[in-house]
Amino acid sequence: MPVRNLTMITEIHLLGFGNLHHLNLLVFVVLLLVYCIAIFGNLMIMLLVSRSRSLHSPMYFFLSQLSLSDSLMATSITPNTLRVVMDDDATVTFIGCLTQFYFFSASLALESILLTGMSYDRYLAICNPLRYSNIMDYVFCRRFIIFSWVLSFSVILNHILAICNLEFCGPNVIDHYFCDLSPLLELSCSDTFIVQVEVTLLVIPMALFQFILVIVSYSYIIFTILGIPSVTGRQKAFSTCSSHLTVVSMYYGTLLCTYLVPTRGQSLTVSKVLSLLYTVLIPCVNPIIYSLRNKDIKEAFNRWILIG
């Protein structure tokens, strides 16, 4: 049998924002500022939830986990992106590329599950308040969080193992600022059909199911709020879920624009900018939304400042 002369790639070149090289310094400063805000904001929320008794409730417990997921996502993407922006010949090892894809994808899946759980929490609180404390107890919340982490990281680990069974013999250039699934598969000289089918069968149904649960939950929430006779009661009920609804809309909106909008005729720059929305911007904006639009968090922050 003929022996194939294959040279397995050991490092990958990331082109980043090559057509914006004249703005490298500006892009670097903006990304660094956004990353610092994201880390500080999410760490602040986790600290407030852990130390403030007024925030020891299922909603804020889920929020602290969402902040942890956002921090993980931002850290898996932004530091290496900063290096890519300033280095025209930036490279990452193949193992490093897989590691980045693993933690980015797992944190993205985790965020989706947590947002679904938070939607169910708001549904029970507004539509079925009498059973809320019996269902959303400490045991349920702890089990749900463990389930979310295990499911997210195990599903993505399955993708990583499938990718590791492929042969990567070149080229070794990705025209992006991070290692996503499609650019990685394009580097393979093996048949990637099985991997793509596995991803479709595992991720698409899970994401679609979660999206439907969010839509159904908020449909019941809206009808319940509209049925409240007093204007004050409607405003109070809506205020308890407005922050989460904003975050959910941004999260699914950016993902739909990035992965479902046809890429034909779409420049690579537009695709990269859309990717920046959910990889870099959302982890920064989420804590700001919850801080500015949540009375309990603002009060806990003010008390913490006074005590400090």
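Residues numbered from 1 in each chain as written. Predicted model: local features only at pLDDT ≥ 70, side-chain atom pairs only at ≥ 80, totals over all residues. Heavy atoms only, no water.

Note the cut-off: UniProt positions are given in the numbering used here, feature names are shortened, and annotations may be inferred rather than shown by experiment.
As recorded by an unreviewed UniProt entry, the protein carries the name Olfactory receptor and is attributed to Engystomops pustulosus. In its Subcellular location (unreviewed entry) section, the UniProt record describing the protein reads: "Cell membrane".

### Quick notes on the overall build of the protein
In plain terms, the rule: Each helix is a run of DSSP H or I of at least 4 residues and each strand a run of E of at least 2, with the numbering of both proceeding from the N terminus. As a reference, a globule follows 2.2 Å times the number of residues to the power 0.38, and the radius of gyration itself is taken over C-alpha atoms.
Across its full length, the protein holds 11 helices and 3 strands. Helices and strands appear in the protein in the N-to-C order β-α-α-β-α-α-α-β-α-α-α-α-α-α. Taking 308 residues into account, the globule formula puts the C-alpha radius of gyration at 19 Å, and the protein, at 21 Å, falls close to it. Along the three orthogonal principal directions, the C-alpha set of the protein runs to about 75 × 45 × 35 Å.

### Some remarks on the packing of helix 2 (residues 58–86) against helix 3 (residues 94–127)
Our working rule: The axes used here are C-alpha line fits, helices contributing only the stretch in contact, and every angle between their N-to-C directions lies in the interval 0 to 180 degrees. Roughly parallel refers to an angle under 35 degrees, roughly antiparallel to one over 145, roughly perpendicular to one between 65 and 115, and oblique to any angle outside these ranges. Less than a right angle of anticlockwise turn of the near helix away from the far helix marks a crossing as left-handed, whereas a clockwise turn marks it as right-handed. Amino acids outside the nonpolar list (Ala, Val, Leu, Ile, Met, Phe, Trp, Tyr, Cys, Pro) and the charged list (Asp, Glu, Lys, Arg) are all regarded as polar, and Gly is one of them.
Look at helix 2 against helix 3: their axes get within 9 Å of each other, and the N-to-C directions meet at 160 degrees. Classed by the angle they form, the pair helix 2 and helix 3 counts as roughly antiparallel. Taken as a pair, helix 2 and helix 3 cross one another with a handedness that is left-handed. Split into classes, the residues belonging to the contact of helix 2 with helix 3 amount to 15 nonpolar, 7 polar and 4 charged.

### Focus: the UniProt feature "transmembrane region" (unreviewed entry) in the protein
UniProt marks residues 25–48, 90–110, 144–163, 207–229, 241–261 and 273–292 with the feature "transmembrane region" (unreviewed entry), using the numbering shown here. The span residues 90–110 shows a helical share of 81% and a strand share of 14%, and its end C-alpha atoms are spaced 29 Å apart. Helix makes up 87% of residues 207–229 and strand 0%, whereas the separation of the span's terminal C-alpha atoms amounts to 36 Å.

### What about the state of the cysteines?
Basically, it comes down to this: When two cysteine sulfur atoms lie within 2.5 Å, the pair is treated as a disulfide. A 1.4 Å probe rolled over the protein chains alone gives each residue an accessible area, and that area as a share of the maximum for its type sets the label: buried under 20%, exposed over 50%, partly exposed in between.
Evaluation of the coordinates by the stated rule reveals 2 disulfides. Paired through a disulfide, Cys97 and Cys179 show a sulfur-sulfur distance of 1.9 Å. When the S-S torsion is -120 degrees, as for the bridge of Cys97 with Cys179, the disulfide is left-handed. Placement of Cys97 in helix 3 and of Cys179 in the loop between strand 3 (173–174) and helix 6 (181–186) is noted, with a sequence separation of 82 residues between them. We classify Cys97 as buried; its relative accessible area is 0%.

### A short note on the packing of aromatic side chains
For clarity, the threshold we go by: Two rings from Phe, Tyr or Trp (for Trp, the six-membered ring) form a pair when their centres sit within 6.5 Å of each other. Planes less than 30 degrees apart are called stacked, planes more than 60 degrees apart edge-to-face, and all others tilted.
Per the stated rule, a full pass over the model turns up 16 aromatic pairs. Pairing Tyr102 with Phe103 gives two aromatic rings, centres 5.3 Å apart and planes at 70 degrees, and the pair type is edge-to-face. For Tyr102, a relative accessible area of 16% puts it in the buried group. Among the aromatic side chains, those forming a connected cluster through ring pairs are Phe17, Phe104, Tyr177, Phe178 and Tyr278.

### A word on the nonpolar core
As a reminder of what qualifies: Side-chain atoms within 4.5 Å are what join buried Ala, Val, Leu, Ile, Met, Phe, Trp, Tyr and Cys residues into a set we call a nonpolar core. Here a residue-residue contact requires only that any non-hydrogen atoms of the pair lie within 4.5 Å.
Counting 56 residues, the largest nonpolar core has Leu63 and Tyr290 as the members making the most contacts within it. Excluding anything up to four places from it in sequence, Leu63 contacts Ile45, Met118, Tyr290 and Ile297. Membership of the second largest hydrophobic core comes to 27 residues, among which are Leu14, Val92, Ile163 and Ile174.

### Notes on helix 2
Quick note on the threshold: Expected helix span is taken as 1.5 Å per residue step, with the number of steps being one fewer than the number of residues. Fitting axes to the seven residues ending at a residue and to the seven starting there, one defines the bend at that residue as the angle between these axes.
In this model, helix 2 (29 residues) spans 42 Å end to end at C-alpha, consistent with the 42 Å of a helix rising 1.5 Å per residue. In the structure, helix 2 departs most strongly from a straight axis at Thr75, where the bend amounts to approximately 30 degrees and where the proline Pro79 lies between one and four residues downstream. Within helix 2, 22 of the 29 residues are buried, which leaves it mostly tucked inside the rest of the structure.

### With respect to the environment of Val84
Locating Val84 in the fold gives a position in helix 2. Placed 70 residues apart in sequence, Val84 and Leu14 show a C-alpha to C-alpha distance of 6.8 Å. Here Val84 is in contact with Leu14, Leu15, Gly16, Ala90 and Tyr177, once residues within four sequence places are set aside.

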